[in-house]
Amino acid sequence: MDQSVAIQETLERGENCIIAVQCDVFFDDITESRLLGLVESTKEHAIFIYTHRRMAITADDVSLEDIIPISLDFAVVEVSSPEELAIVGADTKVRVSYQEDELELRLPFGSHSRLFLSEVNRAWSDVCKSTTQAQKFEWISKYDKAPRSQGVVKKALAPLGTTLTKLNQHRKTEKSSHEKETGAHSGTQKSKPAYSVPESQPSREDRDDLVRSSSHTTSNKAQILAMPQFGLRDNLIKCELLKNEVLYTYTADFSIFLGTYNVNGQTPKESLRPWLSCTANPPDMYCVGFQELDLSKEAFFFNDTPKELEWTKAVSEALHPDAKYALVKLVRLVGIMLIFYVKNEYAEFISDVEAETVGTGIMGRMGNKGAVAVRFRFHNSDICVVNSHLAAHLEEYERRNQDYKDICGRLQFRQLDPSQPQLTIMKHDAIFWIGDLNYRISELDVSNVKELIDKKDFETLHSYDQLKRQIDEEAVFVGFVEGEIVFQPTYKYDTGSDKWDTSEKCRVPAWCDRILWRGKNIMQQHYQSHMTLKTSDHKPVSSLLVIGIKKVNAEAYKKTFEEIVRNIDKMENECIPSVTLSKREFHFKDVKYMQQQAETLRLFNDGQVPCQFEFIQKPNEPTYCKPWLTANPPKGFIAQGGSVDIEFEVFVNRSTAPELNSGKEQIEDILVLHLERGKDYFISVTGNYLPSCYGSSIHSLCQLREPIQDMPQETLRDMAERSGDENGTYTEKPLDIPKELWMMVNHLFLKAIHQEDIFQQPGLRSEFAEIRDCLDTGIPDSLPGSNHSAAEALLLFLDALPEPVVPYSFYQQCLESCSNASQCEKIISMLPQCHRNVFNYLAAFLRELLKNSANNRLDVNILATIFASLLLRSPTKQDLAEKRKTQEFFQHFLAESS
């Protein structure tokens, strides 16, 4: 149970716990754990402080200790100390004050803590904006806890935004009694508010309490107005600040060391110093990426490996000895790991650190291939580093291209303000992409390649490189730069040597391991491999880049800020925002399952002021649009005379397909585009959906003898309504299993039973589309595409079933009986007839695959892991213990005797 639920259960009727977070509270020299809950009642907010047992689950585990009302006397500041600079990704310290009392807290590092703080700031902002009634907090009295009157430290603090209010003197609406009250506190202020505009360049002493402030260090003043406590006006100021950034920033050079190493599942056997300390001077930052950190099934299935610690230790011991470094972030997905370090003296200028992962393995989920990434802000520059491991094998360059596009499209970072859209990789000032990209050398045999290597004719050899050719054709990495390659290929060697691959496959050498970048003011100092390291069948690669980082001139910033405020004051209340829409009706023709369609809406600001737009919810609807539709971006700003393109994307997936297949839902929606302080515009979205076997139930498909797209919509709707009725009367006897399922399994049985890495390697998106169309429009003699595409199409079919092969109602019984083979068989015998047939049919097919494991390299663990997650889906989120039990259950049916 969520901790906020435990707190909610302790509250009197009428109050609501919006969000809760666990933290440490400092009492003199003692630290104690507490739960904080942000509680709302009658539009008033207060922080409830609870003592709690070690793991708070129910109301019995928590006990109310104190209450802090969020009124005009309330404030929060972030604090820190110089000795904590060595770890950037550490917990956030905040000081909460009420009247003259203070409480110092340490919140765990992460987005949840920042979300808690942003919600608190939002509540405080509402207090500041309110001019209608005084706050009374009468509802608190029933808890027999008076508002906090005694604090740990007796010291007054200025509420958030005091300094901003001072600078924004032109704002008539803020010249109120509230402003006078906040000004009264500023004379005794010793700690700097976390959200403030600098009067001058801060001293080291002033900066101490800004270290690791998640978004508001001295290095990113242009972003201070992005927080939820500021409204339209201040967002317009932010927009203008970003537009005029050149007036208050200057460029300073910093060096970043990028390293990539595919370690082939090995443990560190030698020092990494020849690789990581190869530069004469210590780099300012390190980003070190690994691939194939652990090749064990345990790592693949459960994303757990002891090798993370081993390689991290090896890296930390090999960093340049002439500097001390802070570990900022480590992120790992199975065997893909990225570690980010910065010099200790620069740690305080790192902020907005976020890490994300995306798997591009089978079904676009498995993490054996994919990427990990870290984004951060250094001074006033936004930087993103991606470490990826793309699809293998010489001929699979199209799948590598697809992996790259998937990573760019799916990998997104949360912003500090949860109301803001997520950041994509390309929305950064500088992007560094490293990893085992797996592009090979083609059209040359192994002897020709080695001959060119012996001659050190790398220029000629590079002309046959797949990545170079794909970049030249603008198929991938558009806008990226790679330095000249003056080193021999980094793959493939006999482990422990410098000898080329002497195995039976005798693989052609290739530059699999690469480093690219995108952005302005970036110069490469070196790009090289490191032949002395022999742990792996790859050689590590490094690049030292010098990047021009934007730094803020505080005096120039203040001057620019004040000028912008004056200009907006002149415009405010004089003009109403207005936009012109390129069109108001959008029609999407022949929408198909998992096939994206997009149309562009252009907004032109034809008014006299910058404007803020947002798609808003309609009455009684949970979101601004239907789940199969997105608008990107859903909100934003448009400068006067400027324009913005909004992509309307239609994408039907497993969650939205069932209703569309049955005809209960249509491709129809009305979007409401709202202009702040302006009018609303209504946009119509329509389309026609082509029904698919993907997202249709087993029961419905067993009634269909004709292709699904040949069936009238009324028939499909009727079948969906009767789905699950085993005793229903039908004109024809149902099929034993869906014909589409038979077609895929039969195809794989005939053509792919010996296929290496079947069900472990993804296919091509374009080939899946062809297979889907064949199944939905008619049964051909043979399915198109590769064996891997057919195998993935089968997995996607099972994943899209509205009710899994083992229906949800049997799930708990399966978990309870997982260790008893006969009991497991009994449960399967109780399934509805069509579900039972499908289960037994698939199990028989998989047993045949296992008989050929010498060729296809499958084993029981691999198949049980992949298929159990599809056949025995949990109705709720599945934990690790449940995952293991479903695998144990399904393994009984993969044995020979089954």
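Rules of the game
- Residues numbered from 1 in each chain as written.
- Predicted model: local features only at pLDDT ≥ 70, side-chain atom pairs only at ≥ 80, totals over all residues.
- Heavy atoms only, no water.
- Helix = DSSP H or I, 4+ residues; strand = E, 2+ residues; numbered from the N terminus.
- Expected span 1.5 Å × (residues − 1).
- Buried < 20%, exposed > 50% of the residue type's maximum accessible area, 1.4 Å probe, protein only.
- Arc of directions from axis to C-beta.
- Polar contact = N/O pair within 3.5 Å; in protein donor to acceptor, adjacent residues only side chain to side chain.
- Salt bridge = Lys/Arg side-chain N within 4 Å of Asp/Glu carboxyl O.
- Phe/Tyr/Trp six-rings, centres within 6.5 Å; stacked < 30°, edge-to-face > 60°.
- Contact = heavy atoms within 4.5 Å.
- Pairing = 2+ DSSP bridges.
- Core = buried A, V, L, I, M, F, W, Y, C linked by side-chain atoms within 4.5 Å.
- Axes fitted to C-alpha atoms, helices over the stretch in contact; angles between N-to-C directions.
- Parallel < 35°, antiparallel > 145°, perpendicular 65-115°, else oblique.
- Nonpolar A, V, L, I, M, F, W, Y, C, P; charged D, E, K, R; others polar.
- pLDDT = per-residue confidence, 0-100.

Draft legend 1. Structural view of helix α26 (residues 880-891). With 12 residues, α26 extends 17 Å from end C-alpha to end C-alpha; this agrees with the ideal 16 Å at 1.5 Å per step. Among the residues making up α26, those that are buried are E882, T886, Q887, F889 and F890. End-on, the buried residues of α26 take up no more than an arc of 160 degrees, which puts them together on one face. Taking the backbone nitrogen of A881 as reference, a side-chain oxygen 3.2 Å away marks D879 as the first, capping residue of α26.

Draft legend 2. Highlighting unusual backbone geometry. Put simply, Y491 and K492 share a cis peptide bond, and its omega is 5 degrees. Assignment of secondary structure puts K492 in the loop between α13 (466-472) and β19 (513-519). Along the chain, N632 connects to P633 via a cis peptide bond; the corresponding omega equals 0 degrees. Positive phi is not limited to glycine here, since D757 has a value of about 60 degrees. Structurally, D757 can be placed in the loop between α18 (739-751) and α19 (765-777).

Draft legend 3. Spatial organisation of the pattern of salt bridges. With the rule as written, the count across this model stands at 44 salt bridges. Between K492 and D537 there is a salt bridge, with its nearest N and O atoms 3.9 Å apart. With K492 in the loop between α13 and β19 and D537 in the loop between β20 (522-529) and β21 (541-552), the pair connects residues that are 45 residues apart, well separated along the chain. Comparing K492 with D537, the two get one shared label, buried. Residues R566 and E563 are paired through a salt bridge, measuring 2.9 Å at the closest nitrogen-oxygen approach. With a gap of three residues between them, R566 and E563 both fall in helix α14 (residues 554-571), about one helical turn apart. Connected through salt bridges with shared partners, the residues D352, R375, R377 and D382 form a single ionic network.

Draft legend 4. Here's a closer look at the packing of aromatic side chains. As enumerated under the stated definition, the model contains 33 aromatic pairs in all. Centroid distance F615 to Y624: 5.9 Å. Interplanar angle 25 degrees. Geometry classified as stacked. F615 gets classed as buried once you look at its relative accessible area, which sits at 4%. Note on Y624: relative accessible area 17%, which makes it buried. With a centroid separation of 5.5 Å and an interplanar angle of 40 degrees, the aromatic rings of F889 and F893 are classed as tilted. For the pair shown, F889 and F893 are each scored as buried.

Draft legend 5. Structural context of the side chain of K492. In this structure K492 comes out as buried when scored by relative accessible area, which is 15%. Beyond its immediate sequence surroundings of up to four residues, K492 is in contact with K499, W500, D501, R507, P509 and D537.

Draft legend 6. Representation of the pairing of β21. Counting buried residues in β21 gives 10 out of 12 residues, a clear majority hidden from the surface. In terms of strand pairing, strand β9 (residues 249-262) meets β21 through 12 bridges, oriented antiparallel. Directly across from F254, in β21, lies its bridge partner I547. Pairing geometry for β20 and β21, over seven bridges, is antiparallel. The residue bridging S529 from the neighbouring strand is V541, located in β21.

Draft legend 7. How the structure looks around the nonpolar core. Of all hydrophobic cores here, the largest spans 100 residues; its most connected members are F648, Y694, F759, L798, F867 and F889. Sequence-distant contacts of Y694, that is, excluding residues within four places in its chain, are made with Y593, A657, N661, M744, F768, R772, L775, A793, L796, F797 and A800.

Draft legend 8. Geometry of the packing of α18 against helix α23 (residues 833-851). Following both chains from N to C, one finds α18 and α23 inclined at 10 degrees, their axes separated by 11 Å at the closest point. Taken together, the axis directions place α18 and α23 in an arrangement best described as roughly parallel. Side by side, α18 and α23 meet where L741, W742, V745, N746, L748 and F749 of the first sit next to V838, Y841, L842, F845 and E848 of the second. Taken together, the residues of the contact of α18 with α23 break down into nine nonpolar, one polar and one charged.

Draft legend 9. Focus on the sheet that holds strand β29 (residues 668-675). Reading across the sheet, the five strands line up as β23-β30-β29-β25-β27 and stay open at both edges, with mixed pairing between neighbours. Edge positions in the sheet fall to β23 (585-591) and β27 (635-638), since each of these pairs with one other strand and no more. In this sheet, neighbouring strand axes are inclined to one another by 20 degrees on average, regardless of whether the strands run parallel or antiparallel. Bridge analysis of strand β25 (residues 611-616) against β29 gives four bridges, and the strand direction is antiparallel. Bridge pairing in β29 links F613 to L675.

Draft legend 10. Summary view of helix α25 (residues 860-871). Here α25 is 12 residues long and its end C-alpha atoms lie 15 Å apart, about the 16 Å a rise of 1.5 Å per residue gives. The element α25 is extensively covered by neighbouring structure, given that nine of its 12 residues are classed as buried. What α25 keeps buried is the set I862, L863, A864, T865, I866, F867, A868, L870 and L871. With a side-chain oxygen positioned 3.1 Å from the backbone nitrogen of N861, the residue opening α25 is D859.

Draft legend 11. Up close: the pairing of strand β28 (residues 643-650). Side chains of β28 alternate between two faces, with V644, I646, F648 and V650 buried and S643, D645, E647 and E649 left unburied. Alignment of strand β24 (residues 597-605) against β28, held across eight bridges, turns out to be antiparallel. Among the inter-strand pairings, L601 is bridged to a residue of β28, identified as I646. Pairing analysis gives four bridges linking strand β26 (residues 629-632) to β28, with the strands arranged antiparallel. Opposite N632, over in β28, you have E647 as the bridge partner.

Draft legend 12. Representation of the environment of I7 in the model. Within the secondary structure, I7 is located in helix α1 (residues 3-10). Look at I7 and you get buried, because its relative accessible area is 0%. Between the alpha carbons of I7 and L38 there is a distance of 9.7 Å; along the sequence they are 31 residues apart. Filtering out sequence-adjacent residues up to four positions away, I7 remains in contact with C17, A20, L35, L36, G37 and Y50.

Draft legend 13. Quick peek at the sheet that holds strand β22 (residues 579-581). Strand order in this open sheet of four strands is β22-β24-β28-β26, and the pairing throughout is antiparallel. Two strands in the sheet have a free side with no partner beyond their single neighbour: β22 and β26. Here the strands of the sheet are splayed against their neighbours by 25 degrees on average, with no regard to which way each runs. Pairing of β22 with β24 involves three bridges; the strand directions are antiparallel. In the sheet register, T580 faces β24, and the bridge partner there is F604.

Draft legend 14. Here's a closer look at the packing of helix α20 (residues 787-800) against α25. Interaxial distance between α20 and α25 falls to 8 Å at its minimum, and their mutual angle equals 35 degrees. Side by side, α20 and α25 meet where L795, L798 and D799 of the first sit next to I866, F867, L870 and L871 of the second.

Draft legend 15. Inspection of the side chain of H389 at higher detail. Tracing the sequence through the fold places H389 in strand β15 (residues 381-389). Here D436 takes part through its side chain, which lies 3.2 Å from a polar atom of the side chain of H389. Apart from the residues lying within four places of it in its own chain, the contact partners of H389 are N262, Q291, E292, I336, N368, K369, G370, D436 and N438.

Draft legend 16. The arrangement of the environment of V449 in detail. With respect to the element layout, V449 can be found in helix α11 (residues 446-454). A residue is classified by how much of its surface remains accessible, and V449, at 0% relative accessible area, is buried. Between the alpha carbons of V449 and P509 there is a distance of 7.1 Å; along the sequence they are 60 residues apart. Once you skip the residues sitting within four places of it in the chain, V449 turns out to touch I441, L444, L461, V508 and P509.

Draft legend 17. Seen up close, the confidence of the model for the protein. In this model, the protein carries a mean pLDDT of 83, and residues with pLDDT of at least 70 account for 84%. The low-confidence segment residues 81-87 (pLDDT under 50) makes 18 contacts with residues lying over four places distant or belonging to another chain. The low-confidence segment residues 148-230 (pLDDT under 50) makes 202 contacts with residues lying over four places distant or belonging to another chain.

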